2 protein chains.
Amino acid sequence: MRKIAESTVRRLSLYLRFLEEFEAAGVATVSSEALARRGSTTSAQVRKDLSFFGSFGKRGLGYSVPELAATLRDILGLERRYAVAVVGAGKVGSALVQYRGFPSRGFHVEWVYDRDPAKIGSAWNGLRVRDVAGLEADFEEVAPDIAILAVPADGAQAVADRLVAAGVRAILNFAPVQLAVPEEVAVKNVNMALELETLSYALRNR
Amino acid sequence: MRKIAESTVRRLSLYLRFLEEFEAAGVATVSSEALARRGSTTSAQVRKDLSFFGSFGKRGLGYSVPELAATLRDILGLERRYAVAVVGAGKVGSALVQYRGFPSRGFHVEWVYDRDPAKIGSAWNGLRVRDVAGLEADFEEVAPDIAILAVPADGAQAVADRLVAAGVRAILNFAPVQLAVPEEVAVKNVNMALELETLSYALRNR
């Protein structure tokens, strides 16, 4: 399969959400135009995005909503369960542990770590905050599928190295640093200032 | 100016961060290769991204670090101050009000709103949580440049409508809904489950 741009993957995630809305509303088939309208994009874009993954839909009939939803879930790897560890029990970590949108997509936070003795042992949404010093021992038998890194910038690379050594192959990074990881490890950076800069750019260039 | 893809704008934001690192390290000029290495991209990509905005650098000499940084700040609209309102004083709102990366980029959270009487009036990072019912009155003289919407999904569109009516022209939306806004309003959606899905996609398709 060709390498697909992240922007395409993000649109597939959105299409899946729209299809689930249509499904909940009892809609059986949907046109690329309807999907495009829902996502404020063009039907040509919808057809192009889906064409990367084979041929869907019938000319004049549109897409079967449940079939296309199942295919997108498969493409996005959402037909399985992911065990997630949150490292860093600060404000961001706290928001993520309680994030309601995760379990419904198969993402289950099963570990929370911090290095602050005042936090270690406290209960968070039914989870006990663990000592980050014990990370390697905890992951000896089974490592999380995904780690969410929500620690300060200066400690992030060291924690990332330990996570990778423990077998983690996907990291959602909230620390404002560019992590160096082996090629087989997927990293997705989330930076709130960067999100605001797409808005300052829009305000500046209107 | 041509319409620039959001992915390009995001890379410009990253280049600016790298240039600021180089500047702090006392580096005066930088090649597109060095910028590319720092950002795990190609020098062709760097040159293409910058070419949208005119001609920079001298062949064989590279880019002047302070000049290119200033140009990128100008392109990204970062040469000014932005007043930001956070609507929704939950976990996400709390993390954002205290986010250290904002003030250094010119984003200043000046208002926090909630509708919960238990939260209204409490002090958050030096700000008093205000009653969202008073939003229109508060913004009568001066509206925020950017609003961060961190309310539950079912109330998000109604709050967005009120923000737009009050003069807000840029919204960072954390609610898991597609907002309908007039064309002149910039919206950037942040969805944590979607971020994780770029990782589940990577794990699935390796």
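See the structure above.
Criteria and cut-off values
- Residues numbered from 1 in each chain as written.
- Chains lettered and ligands numbered in written order.
- Predicted model: local features only at pLDDT ≥ 70, side-chain atom pairs only at ≥ 80, totals over all residues.
- Heavy atoms only, no water.
- Least-squares fit on C-alpha atoms with pLDDT ≥ 70 in both.
- Contact = heavy atoms within 4.5 Å.
- Pairing = 2+ DSSP bridges.
- Helix = DSSP H or I, 4+ residues; strand = E, 2+ residues; numbered from the N terminus.
- Axes fitted to C-alpha atoms, helices over the stretch in contact; angles between N-to-C directions.
- Expected span 1.5 Å × (residues − 1).
- Buried < 20%, exposed > 50% of the residue type's maximum accessible area, 1.4 Å probe, protein only.
- Right-handed = clockwise from strand over helix to strand, strands pointing away.

Draft legend 1. Geometry of the relation of the copies chain B and chain A. By a simple turn and slide, chain B fits onto chain A: the slide is 0.0 Å along the axis, the RMSD is 0.0 Å, and the turn is 180°. Considering both components of the superposition, the chain copies are consistent with a two-fold axis. Interface residue correspondence from chain B to chain A reaches 100%, placing this contact among same-surface, isologous pairings.

Draft legend 2. Broad picture of the sheet that holds strand S3 (residues 82-87) of chain B. All names here are of chain B. Strand order in the open sheet made by the 7 strands is S5-S6-S4-S3-S7-S8-S9, with mixed pairing throughout. Whereas interior strands pair on both sides, the edge strands pair on one side only; in this sheet they are strand S5 (123-124) and strand S9 (186-189). Those strands touched by helix H7 (residues 153-165) are S3, strand S7 (146-149) and strand S8 (170-173), and its axis lies near 170° from that of S7.

Draft legend 3. Representation of helix H1 (residues 6-24) of chain B. Taking 1.5 Å of rise per residue, the 19 residues of H1(B) would be expected to cover 27 Å, and the 27 Å separating its terminal C-alpha atoms lies within 8% of that figure. Turning to H1(B), its buried residues number three or more, namely B:Thr8, B:Val9, B:Arg10, B:Leu12, B:Ser13, B:Tyr15, B:Leu16, B:Arg17, B:Phe18, B:Leu19 and B:Phe22. Along its buried surface, H1(B) packs onto helix H8 (192-204) of chain A together with strand S1 (29-30), helix H2 (32-38), helix H3 (43-51), helix H4 (65-75) and S9 of chain B.

Draft legend 4. Local environment of the pairing of S3(B). All names here are of chain B. When you tally the buried positions in S3, you get 6 out of 6 residues, the bulk of the element. Of the two faces of S3, both are covered, the one formed by Tyr82, Val84 and Val86 as well as the one formed by Ala83, Ala85 and Val87. Of the pairings in the sheet, the one linking S3 to strand S4 (residues 107-114) comprises 6 bridges and is parallel in character. Residue Val87 lies in a different strand from S4, and its bridge partner there is Tyr113. For the crossover from S3 across helix H5 (residues 91-97) to S4, the handedness is right-handed. Bridge count for S3 against S7 is 4 bridges, and the pairing is parallel. Its bridge partner being in S7, Ala85 is matched across the sheet by Ala147.

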